[in-house]
Amino acid sequence: MIDVETLIARESIRDALARYCRGIDRSDSATVAAVFHEGAPCHYGNMETTGDALARMIAGRPGTTDFTGQHHITNVLIDMDGAEAAQVESYFIVYRAVAGSNGAADTMIPFGGRYLDRFTRVGGAWRIAERTVVCDWLSTGLALAGGADPSGYLRGTNGSDDPSHAFRIN
């Protein structure tokens with residue numbers, strides 16, 4: 001049986017994931033920054049950054065396309081590691097808006113994968129302490145046309161060599 005504190009922790013983690021998506025999609029750097037612990041490493045393919053730097057990058061992005069991208073979190077698996085830490089695997093589907101060239105319409109690049117997040121609770125707040133992004137699928141032709149390089153991401157597999165097996169604690 002799950003105790004109330006664990007249920008509260010799990011809901012707080014899910015809320016942080018939803019706030020991350022909203023922050024990214026609305027170019028709200030304060031919301032994005034609040035989801036991460038200060039200096040939390042983030043491994044996004046060829047981009048090694050921190051949650052703070054990611055938030056600053058997002059702040060400079062408003063109004064670059066006619067459309068707004070969308071981040072959707074689907075399956076969330078939370079493995080609690082005591083009362084202060086959790087390993088969280090979250091499936092995502094992203095539609096990234098890329099501005100068209102020479103007056104062409106914007107393009108939406110679909111991308112599916114997983115966030116492998118280590119959450120910790122500090123001062124009562126559950127935040128991401130480290131994030132790794134796994135690419136399960138990407139519309140490669142569209143992505144390359146839009147300047148996205150899928151080659152640097154960890155790639156998902158159907159077998160025991162999938163990155164989530166080394167990540168998960170249960």
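Residues numbered from 1 in each chain as written. Predicted model: local features only at pLDDT ≥ 70, side-chain atom pairs only at ≥ 80, totals over all residues. Heavy atoms only, no water.

> What should I look at first to understand the nonpolar core in this one?
Soluble, globular proteins show a tendency: their nonpolar side chains are buried together. Ranked by internal contacts, the top residues of the largest apolar core, which has 31 residues, are Ile13, Tyr20, Phe36 and Phe119. Those elements that place two or more of their residues in this core are α1 (4-25), α2 (29-35), β1 (41-44), α3 (51-59), β4 (85-98), β5 (107-122) and β6 (125-138). Considering every element that reaches this core, the biggest residue donor is α1, with 7 residues. (Core = buried A, V, L, I, M, F, W, Y, C linked by side-chain atoms within 4.5 Å. Buried < 20%, exposed > 50% of the residue type's maximum accessible area, 1.4 Å probe, protein only. Helix = DSSP H or I, 4+ residues; strand = E, 2+ residues; numbered from the N terminus.)

> Help me understand α3, please; the structure alone is not making it clear to me.
Because each turn of an α-helix spans 3.6 residues, side chains separated by three or four positions end up pointing in the same direction. For α3, the set of buried residues is Gly51, Leu54, Ala55 and Ile58. One side of α3 carries all its buried residues, which in axial view fall inside an arc of 100°. The secondary structure elements touched by the buried residues of α3 are α1, α2, β1 and β2 (47-50). (Arc of directions from axis to C-beta. Contact = heavy atoms within 4.5 Å.)

> I would appreciate a short explanation of the side chain of Arg10 in the present structure.
Structurally, the position occupied by Arg10 is in helix α1. Notably, Arg10 is buried but unbridged: the nearest opposite-charge side chain belongs to Asp79, and the N-O separation is 6.3 Å. In this view, Arg10 contacts Ile78 and Met80; residues no more than four positions away in its chain are not counted. (Lys, Arg positive; Asp, Glu negative; His and termini not counted. Salt bridge = Lys/Arg side-chain N within 4 Å of Asp/Glu carboxyl O.)

> What should I look at first to understand the pairing of β5 in this one?
Two faces belong to every sheet, and in a regular strand the side chains alternate between them. Bridge count between β4 and β5: 14 bridges; the pairing is antiparallel. Its bridge partner lying in β5, Gln87 is registered against Arg118. Sheet topology note: the β5/β6 ladder contains 12 bridges and is antiparallel. Paired with Thr120 across the two strands is Arg127, which belongs to β6. (Pairing = 2+ DSSP bridges.)

> Please explain the pattern of salt bridges as it appears in this structure.
Tallying each qualifying case throughout the model produces 6 salt bridges. For Arg19, the salt bridge goes to Asp15, with nearest N and O atoms at 2.8 Å. Separated by 4 residues within a single helix, Arg19 and Asp15 lie in helix α1, roughly one turn from each other. Under the relative-accessibility criterion, Arg19 is labelled partly exposed at 30%.

> Got a minute to help me understand the packing of aromatic side chains in this structure?
Where two aromatic rings form a pair, the distance of their centres and the angle of their planes describe that pair. Throughout the structure, instances matching the rule amount to 4 aromatic pairs. Here the aromatic rings of Tyr20 and Phe36 are separated by 6.1 Å at their centres, their planes lie at 80°, and the arrangement is edge-to-face. With Tyr20 in helix α1 and Phe36 in the loop between α2 and β1, the pair connects residues that are 16 residues apart, well separated along the chain. On the basis of relative accessible area, Phe36 is assigned to the buried category, the value being 2%. Look at Tyr20 and Tyr115: their rings are 5.6 Å apart centre to centre, the planes differ by 80°, and that puts the pair in the edge-to-face class. A residue pair is termed long-range when its members are at least 10 positions apart, and Tyr20 in helix α1 and Tyr115 in strand β5 qualify at 95 residues. (Phe/Tyr/Trp six-rings, centres within 6.5 Å; stacked < 30°, edge-to-face > 60°.)

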